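Notes for the structure review
Take a look at the letters that make up each chain.
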Amino acid sequence: MAKYKVGLVLSGGGAWGYAHIGLIRALEERGIAPDIIAGTSIGAIIGASYADGYTADDLLQIVSHVHMSRFATIHLPTKGLLELTWLEKLLQSVLRAHTFEALKTPLVVAATNLSKGEIVHFRSGTLIDKVIASASVPVVFTPREIDGDEYVDGGLLDNFPVTAIRDECEQVIGMHVQPKHYGEKLTNLLHIAAQSFLLSVRMQGSTQAHLCDAFIEPDLAGYHFFDFSAAKKIAQSGYDAARKAFSCFDV
């Protein structure tokens, strides 16, 4: 018998990940509370906040004040173009739980151990450093050091961490938020670095969709990876897609 009834999986995808907030709203409307959450990158950020007890309305209010100009600190390139200093400060001020064990809902955070070339699914210990590691897109953001090893975005090896919890759950609801076609103009080094990373992970959702009882992939055409100012519109896209999916699945 599975340990958990419902598991929730939230993929990485930059600002597209705001669609996860719409999914959470749809879950709330149906009275569904996941028993465990797994996330990568923005999915880990949203997932950690949700696991900490924040509602969809709370999350939307928080991210509505996030803009790329404040999202990271630009510095001379050594290991990354940007530092996630502001995000770390935000998580420190928002998250009431500073360890996995203190969260209201169990959480799994996927991050790539760059030193050893392997995926790690964190479930215990300090929380914020693992979430930051999971969101550290290679080249764009500086790797995060944990216990002597350098970690980068979990999307490099597991952008949609269904397998991390599939065997533990009776049902799994998953949202994948990377559009199949980006259509972005590569106007600077930051965009080129992000696009290169996205090309390496774009197929992960499709290959693991069959592992979900309800697989949700919202239409995010017209939005880009750094479109943090479009939080409400992207969240609405996630909500619309989730409601449509739930009408077709027994969840």
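Residues numbered from 1 in each chain as written. Predicted model: local features only at pLDDT ≥ 70, side-chain atom pairs only at ≥ 80, totals over all residues. Heavy atoms only, no water.

Looking now at the nonpolar core. If you look at the biggest cluster of nonpolar residues, it comprises 72 residues, and the most contacted ones within it are Ile-21, Leu-23, Leu-107, Ile-173 and Ile-216. The element that contributes the greatest number of residues to this core is helix 10 (residues 231-246), accounting for eight residues. Counting residues in hydrophobic clusters, the runner-up holds 14 residues, among them Val-162, Ala-209, Cys-212 and Phe-215. (Core = buried A, V, L, I, M, F, W, Y, C linked by side-chain atoms within 4.5 Å. Buried < 20%, exposed > 50% of the residue type's maximum accessible area, 1.4 Å probe, protein only. Helix = DSSP H or I, 4+ residues; strand = E, 2+ residues; numbered from the N terminus.)

A few words on the pairing of strand 9 (residues 149-153). Along strand 9, four of the five residues are buried, which leaves the element largely enclosed by surrounding structure. Bridging between strand 5 (residues 107-113) and strand 9 involves three bridges; their strand directions are antiparallel. From the neighbouring strand, Asn-113 faces strand 9, where its bridge partner is Tyr-151. Inspection of the sheet shows strand 8 (residues 144-146) paired to strand 9 by three bridges, in the antiparallel sense. Of the residues in strand 9, the one forming a bridge with Ile-146 is Asp-149. Remark: two residues form the turn of the hairpin made by strand 8 and strand 9, two consecutive strands paired antiparallel; Asp-147 in that turn has positive phi of roughly 50°. (Pairing = 2+ DSSP bridges.)

Counting buried positions along helix 2 (residues 42-51) yields ten of ten residues, so the element is predominantly enclosed. Buried within helix 2 we find Ile-42, Gly-43, Ala-44, Ile-45, Ile-46, Gly-47, Ala-48, Ser-49, Tyr-50 and Ala-51. Downstream of helix 2 by a residue or two, Gly-53 has a phi angle that is positive, lying close to 110°.

Moving on to the environment of Arg-25. Within the secondary structure, Arg-25 sits in helix 1 (residues 19-29). For Arg-25, a relative accessible area of 25% gives the class partly exposed. With near-sequence residues (within four places) excluded, Arg-25 lies in contact with Ala-56, Asp-57, Leu-60 and Tyr-239. (Contact = heavy atoms within 4.5 Å.)

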